[in-house]
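Tertiary structure, described
Below are the chains, spelled out letter by letter.
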Amino acid sequence: MDEKNAADNPEVSSAVEKGDIYVFDNTDFDRQDNGNYLLLNTVYDGTEPEDVGSTMHNGFVRLGTYEHGVFTEKYRYGVIFKNGRHDYLFRVSSDYYWTKDNINAVSVECPEGIRETTVTVLEGD
């Protein structure tokens, strides 16, 4: 739930798709002032977990570094993808690695597949 409408915060960087990795320019913005959100917009046509109130998930959003064609995961979020097109908002700057390792890439893992995905870094609040 996005009570502060953070999904409407200004965009600070838009990721470019490189295969199954989304890479953004991490020099475009300051990570420490107000923090940052990651906005993932995608379409999912698979099966949702039946018990969505538990810790079940059907995919992962992995954040890391992309250098010389290699993605190195630093941390991940378990996600329950819902059928149809949806926005998924993550407060990425709350993680230690966001500032320590200059995260510049995202990988979205979903065994049943997603499509038409965009990844954007937003200003925090």
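Residue numbering note: each chain is counted from 1, following its sequence as written. Thresholds applied to this predicted model are a pLDDT of at least 70 for local features of residues and 80 or more for the giving and counting of side-chain atom pairs; totals over whole chains, interfaces and linings are not thresholded and use all residues. The basis for the side-chain values is all heavy atoms of the structure; hydrogens and waters are excluded.

Here we look at the environment of G59
This is how it is decided: Runs of H or I in DSSP of at least four residues are treated as helices and runs of E of at least two as strands, each being numbered from the N terminus.
Looking at where G59 falls in the secondary structure, it is placed in strand β5 (residues 59–67). Distance in space between the C-alpha atoms of G59 and C110 is 4.4 Å, their sequence separation being 51 residues.

Details of the side chain of N36
Our working definition: To sort residues, take the accessible area from a 1.4 Å probe on protein chains only and compare it with the maximum for the residue type: under 20% means buried, over 50% means exposed, and anything in between is partly exposed. A 3.5 Å cut-off defines polar contacts: any pair of N or O atoms within that distance qualifies, except that in protein one atom must be a possible hydrogen donor and the other a possible acceptor, and neighbouring residues in sequence count only when both atoms are side-chain atoms.
Considering the arrangement of structural elements, one finds N36 in strand β4 (residues 36–44). Residue class for N36 comes out buried when judged on its relative accessible area of 1%. Among the polar contacts listed, one links the side chain of N36 to the side chain of W98, at a separation of 3.1 Å. A polar contact is formed between the side chain of N36 and the backbone oxygen of L122, at a distance of 3.2 Å.

Some points on the sheet that holds strand β3 (residues 21–23)
The test is simple: Two strands pair under a simple rule: DSSP has to find at least two bridges between them. In this analysis, axes come from line fits to C-alpha atoms, helices being fitted only over the stretch in contact, and the angle between any two N-to-C directions falls in the range 0 to 180 degrees.
Strand order in this open sheet of five strands is β2-β3-β8-β5-β6, and the pairing throughout is antiparallel. Edge positions in the sheet fall to β2 (16–18) and β6 (70–79), since each of these pairs with one other strand and no more. Taken over all neighbouring pairs, the strand axes of this sheet differ in orientation by 30 degrees on average, direction set aside. When β2 meets β3, the two strands line up antiparallel, connected through three bridges. Note that in β3 the partner of V16 across the bridge is V23.

A closer look at the confidence of the model for the protein chain
Rule in force here: The predictor attaches a confidence to each residue, called pLDDT, with possible values from 0 through 100.
Across the protein chain, pLDDT averages 87, with 92% of residues at or above 70. The weakest mean pLDDT in the protein chain belongs to helix α1 (residues 96–100) at 84; the strongest belongs to β3 at 97.

Thoughts on the environment of D2
The following threshold applies: Contacts were defined at the residue level, with two residues in contact if any of their heavy atoms lie within 4.5 Å.
One can find D2 in the segment before β1 (11–14). With sequence-adjacent residues up to four places away left out, D2 is seen in contact with A7 and L89.

Remarks on the pattern of salt bridges
Applicable threshold: Any carboxyl oxygen of Asp or Glu within 4 Å of a side-chain nitrogen of Lys or Arg constitutes a salt bridge here.
Counted according to the given criterion, the structure contains seven salt bridges. We note a salt bridge from R91 to D125, for which the minimum N-O separation is 3.2 Å. Placement of R91 in the loop between β7 (84–90) and α1 and of D125 in the segment after β9 (114–123) is noted, with a sequence separation of 34 residues between them. Here R91 falls in the partly exposed class, since its relative accessible area comes to 30%. For R115, the salt bridge is made with E116, and the minimal N-O distance between the two is 2.7 Å. A relative accessible area of 49% places E116 in the partly exposed class.

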